[in-house]
Amino acid sequence: MPIPTENGHQRPTSSSHTATGHSRTSSTTTAYPPPFIINPTDTHTHTLILLHGRGDTGPSFGSLFYTSSTSSDFRLAALYPGLRFVFPTTASRWSEKFRHHMTEWFGGADDEGLREGVAWVHGLIRAELAAGLAARRIFVGGISQGAAVALWTALTWPGERLGGLVGMSTWFPRAPAVLAEWRGGGGDDGGAEPAEPEDPDPAPAPAPARAPDENTMRALRWLKESLDQGHEAVCPDVVAVPVFLGHGDADEVVDYGQGRQVYELLSRCLGMSVTWRRYRDYGHWYKQPDEIDDIIAFLGERCGLLPS
């Protein structure tokens with residue numbers, strides 16, 4: 001399915017957010033547009049922060065996802081009246097891949113874009129905490145490149161662990177380097193990609209999260225140092241965050257094998273509890289209603305967010 005554009009899609013009512021619109025790193029300051037926010041229709045109990053893919057925007061992606069339906073023809077808005085939806089938009093930057101300016105969280109091995117994106121989303125999380133929400137009632141995720149940023153966001157979060165992580169049609173930036181650190185190497189991006197793992201169908205039930213060992217802590221420390229967060233202590237609880245990963249095996253943008261490698265990295269290496277879903281003969285998008293049903297089940301069974 002083509003990446004949607006903002007044109008032609010009606011936007012639900014939104015409001016401004018209290019988080020700053022700038023991400024500061026050691027050398028640059030990048031301005032981000034205000035996030036597209038859909039406030040709860042009842043008492044605010046949880047927040048879901050979802051990041052769009054390359055070339056998209058928060059309003060475009062958010063207006064589509066918010067109105068997604070389940071197999072029972074219920075919409076997310078009706079199922080979660082206490083949930084605030086936050087859809088950030090990344091900055092417009094020069095894309096080396098497409099050779100023009102576009103909304104892109106990062107480009108290739110662009111550590112600067114990744115650092116800034118993670119810092120921006122960390123700021124959005126802090127804004128939710130400042131509003132009185134507990135960390136375990138905040139979920140982060142996204143699709144494609146946005147989900148890749150969300151993975152790094154959750155694993156480098158310095159506070160109390162978040163409530164859950166949702167990744168759709170995604171990959172893990174610099175996965176070989178993370179694996180090298182986990183194995184005790186030097187974090188070198190060189191060398192072969194990990195072999196494509198076995199893919200049992202149906203996927204096994206997610207195993208409970210493991211307490212982080214020395215290898216896991218070394219990999220987590222490398223992630224933070226890569227984002228210039230080496231001054232912050234590694235929070236071992238980040239590996240206790242429940243994870244949902246869904247991927248179509250006919251994905252023409254992010255190869256299905258890359259999605260499976262995310263599952264292997266998080267579950268087998270870092271010891272996280274991961275729910276994996278394969279969508280047969282499906283391309284680069286979230287599958288309706290199947291994946292929406294699966295995300296709702298994950299939020300209820302693994303994260304304690306039950307639909308009304």
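Higher on the page you've got the structure.
Remember, predicted model here, so these are calculated numbers, not experimental data.

### Regarding the pattern of salt bridges
No. 1: If you walk through the whole model with that rule in mind, you get 12 salt bridges.
No. 2: Close ionic contact of glutamate 116 with arginine 93 constitutes a salt bridge, the shortest N to O distance being 3.8 Å. Within this pair, whereas glutamate 116 is found in helix α3 (residues 111-130), its partner arginine 93 is found in strand β6 (residues 92-95), the two being separated by 23 residues in sequence.
No. 3: By relative accessible area, which is 14% here, arginine 93 ends up buried.
No. 4: Across the pair glutamate 160 and arginine 136 runs a salt bridge whose closest N-O atoms are separated by 3.5 Å. In this pair, glutamate 160 sits in the loop between α4 (145-155) and β9 (164-168) while arginine 136 sits in the loop between α3 and β8 (138-143), placing the two residues 24 residues apart along the sequence.
No. 5: Among the residues examined, glutamate 160 registers a relative accessible area of 47% and is labelled partly exposed.

### Section: unusual backbone geometry
No. 1: Going from glutamine 288 to proline 289, the amide bond is cis rather than trans, its omega being 0°.
No. 2: One non-glycine residue with positive phi stands out, namely serine 169, at about 50°.
No. 3: For serine 169, the location among the structural elements is in the loop between β9 and α5 (175-182).
No. 4: The backbone of arginine 174 shows a phi angle near 60°, a positive value even though the residue is not glycine.
No. 5: Checked against the element boundaries, arginine 174 lands in the loop between β9 and α5.
No. 6: Accessibility expressed as a relative area gives 22% for arginine 174, which makes it partly exposed.

### A few points about the pairing of β8
No. 1: Counting buried residues in β8 gives six out of six residues, a clear majority hidden from the surface.
No. 2: Burial along β8 is two-sided: the face carrying Ile138, Val140 and Gly142 and the face carrying Phe139, Gly141 and Ile143 are both buried.
No. 3: As defined by bridge partners, strand β4 (residues 46-51) adjoins β8 across five bridges and the pair is classed as parallel. By the bridge assignment, leucine 48 is partnered in β8 with phenylalanine 139.
No. 4: Where β8 and β9 come together, five bridges link them in parallel fashion. Counted as the bridge partner of glycine 142 is glycine 167 from β9.
No. 5: Once you follow β8 into α4 and on to β9, the crossover reads as right-handed.

### Describing the side chain of arginine 218
No. 1: Relative to the elements of secondary structure, arginine 218 occurs in helix α6 (residues 214-226).
No. 2: Setting aside chain neighbours within four positions, we find arginine 218 in contact with Glu181, Trp182, Arg183 and Gly184.

### Describing the nonpolar core
No. 1: Of all hydrophobic cores here, the largest spans 59 residues; its most connected members are Ile49, Leu155, Phe172, Leu266 and Met272.
No. 2: For this core, the leading source of residues is α4, giving seven residues.
No. 3: In contact with methionine 272, not counting residues within four places along its chain, are Leu155, Ala209, Val238, Val239, Val241, Val243, Leu266 and Ser267.
No. 4: Leu50, Leu83, Ile292 and Leu305 belong to the second largest nonpolar core, which has 29 residues in total.

### Regarding the packing of α3 against α4
Two quantities define a packed helix pair, namely the angle between the axes and the distance from one axis to the other.
No. 1: Relative to each other, α3 and α4 sit at 65°, their axes nearing to 9 Å. Compared by their axis directions, α3 and α4 come out roughly perpendicular. The chirality of how α3 crosses α4 is right-handed. Together, Leu114, Gly117, Val118, Val121, His122 and Ile125 of α3 and Val149, Trp152 and Thr153 of α4 make up the contact between the two elements.
No. 2: Residue composition of the contact of α3 with α4, grouped by class: six nonpolar, three polar and no charged.

### Here we look at the side chain of serine 69
No. 1: As for its placement among the helices and strands, serine 69 is situated in the loop between α1 (58-66) and α2 (76-79).
No. 2: Among the residues examined, serine 69 registers a relative accessible area of 15% and is labelled buried.
No. 3: In this structure, serine 69 is in contact with Phe74, Arg75, Gln288, Pro289 and Ile292, ignoring residues within four places of it in sequence.

Calculation notes
- Residues numbered from 1 in each chain as written.
- Predicted model: local features only at pLDDT ≥ 70, side-chain atom pairs only at ≥ 80, totals over all residues.
- Heavy atoms only, no water.
- Salt bridge = Lys/Arg side-chain N within 4 Å of Asp/Glu carboxyl O.
- Helix = DSSP H or I, 4+ residues; strand = E, 2+ residues; numbered from the N terminus.
- Buried < 20%, exposed > 50% of the residue type's maximum accessible area, 1.4 Å probe, protein only.
- Pairing = 2+ DSSP bridges.
- Right-handed = clockwise from strand over helix to strand, strands pointing away.
- Contact = heavy atoms within 4.5 Å.
- Core = buried A, V, L, I, M, F, W, Y, C linked by side-chain atoms within 4.5 Å.
- Axes fitted to C-alpha atoms, helices over the stretch in contact; angles between N-to-C directions.
- Parallel < 35°, antiparallel > 145°, perpendicular 65-115°, else oblique.
- Left-handed = near helix turned anticlockwise from the far one by under 90°.
- Nonpolar A, V, L, I, M, F, W, Y, C, P; charged D, E, K, R; others polar.

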